[in-house]
Amino acid sequence: GLLQIIAIFIAFHIRKVKIKALNDSKEIAAIIYINSIILVIMIVSVFVLDKYHNTHAALFGLALLLQASCFLGIIFITKMARVYLDPQGLHIFSTAQTSTANGRSQLETNTSNNSEAMNKLKK
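Predicted model, so just to flag it, every value in this text is computed and none were measured. (Residues numbered from 1 in each chain as written. Predicted model: local features only at pLDDT ≥ 70, side-chain atom pairs only at ≥ 80, totals over all residues. Heavy atoms only, no water.)

**Quick notes on the overall build of the chain**
So, point 1. For the chain, the helix and strand inventory stands at four helices and zero strands.
So, point 2. When the helices and strands of the chain are placed in sequence order, the string is α-α-α-α.
So, point 3. Among the 123 residues that make up the chain, the fraction classed as buried is 20%.
So, point 4. Partitioning the intrachain contacts of the chain with sequence separation of at least 6 by distance along the chain shows that 53% fall at a separation of at least 24. (Helix = DSSP H or I, 4+ residues; strand = E, 2+ residues; numbered from the N terminus. Buried < 20%, exposed > 50% of the residue type's maximum accessible area, 1.4 Å probe, protein only. Contact = heavy atoms within 4.5 Å.)

See below:
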């Protein structure tokens, strides 16, 4: 319970980060949901399988493996997909656009600055 409250607090503050690679708030929320579901299943199984200790131990181990696999998959598969889809990192900023003084969006400014820097490095 306490770890879930801490995770909710972290996800709430991470959602404001503008860099997509560092913004894991959606993944943390999915992990909290999965953890809650597995926790409820385990609590119910403690009372239902009171006399069947071996079955309860097997279910507990399976739940831990499932939970750890889901957590690792949610965190790292999404990051690897982002790296695969954008290997140069040109679209790492979020889609929230803020206007600058001359009317160009901050995202367009950063993208053009990144493109100019890449062209200079190629020369």
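**Quick look at the side chain of Gln4**
So, point 1. Here Gln4 lies in helix 1 (residues 2–14).
So, point 2. The exposure class assigned to Gln4 is buried, which follows from its relative accessible area of 16%.

**Considerations on the confidence of the model for the chain**
So, point 1. When the pLDDT values of the chain are averaged, the result is 76; 76% of them are 70 or greater.
So, point 2. Within the model, the stretch residues 97–107 combines pLDDT values under 50 with 14 contacts to residues more than four positions away or in other chains. (pLDDT = per-residue confidence, 0-100.)

**Looking at the environment of Ala63**
So, point 1. Within the secondary structure, Ala63 sits in helix 3 (residues 53–85).
So, point 2. The buried category is assigned to Ala63, whose relative accessible area is 12%.
So, point 3. Separated by 21 residues in sequence, Ala63 and Met42 have C-alpha atoms that sit 7.9 Å apart.
So, point 4. Residues contacting Ala63, with those up to four places away along its chain left out, are Ile38 and Met42.

**A short note on the pattern of salt bridges**
So, point 1. In the structure shown here, the tally under the stated rule is one salt bridge.
So, point 2. Residue Glu27 pairs with Arg82 through a salt bridge whose shortest N-O separation is 3.2 Å. Taken as a pair, Glu27 in helix 2 (residues 25–48) and Arg82 in helix 3 lie far apart in primary sequence, 55 residues in all.
So, point 3. Using a relative accessible area of 33% as the deciding quantity, one classes Arg82 as partly exposed. (Salt bridge = Lys/Arg side-chain N within 4 Å of Asp/Glu carboxyl O.)

**Here we look at helix 2**
For the α-helix, the turn length of 3.6 residues means that residues three or four positions removed from each other point alike.
So, point 1. Helix length check: helix 2 (24 residues) gives 35 Å between terminal C-alpha atoms against 34 Å at 1.5 Å per residue, within 8%.
So, point 2. Taken residue by residue, helix 2 has Ser25, Glu27, Ile28, Ile31, Ile32, Ile38, Met42 and Ser45 as its buried positions.
So, point 3. Against helix 1 and helix 3 lie the buried residues of helix 2. (Expected span 1.5 Å × (residues − 1).)

**Focus on the packing of helix 2 against helix 3**
So, point 1. Contact geometry for helix 2 and helix 3: axes closest at 11 Å, N-to-C directions at 175 degrees. When the axes of helix 2 and helix 3 are compared, the pair comes out roughly antiparallel. Facing Glu27, Ala30, Ile31, Ile34, Asn35, Ile38, Met42, Ser45 and Val46 of helix 2, the residues of helix 3 in contact are His56, Leu59, Phe60, Ala63, Leu66, Gln67, Cys70, Phe71, Ile74, Ile75, Thr78 and Arg82.
So, point 2. A breakdown of the residues in the contact of helix 2 with helix 3 according to their chemical character gives 14 nonpolar, five polar and two charged. (Axes fitted to C-alpha atoms, helices over the stretch in contact; angles between N-to-C directions. Parallel < 35°, antiparallel > 145°, perpendicular 65-115°, else oblique. Nonpolar A, V, L, I, M, F, W, Y, C, P; charged D, E, K, R; others polar.)

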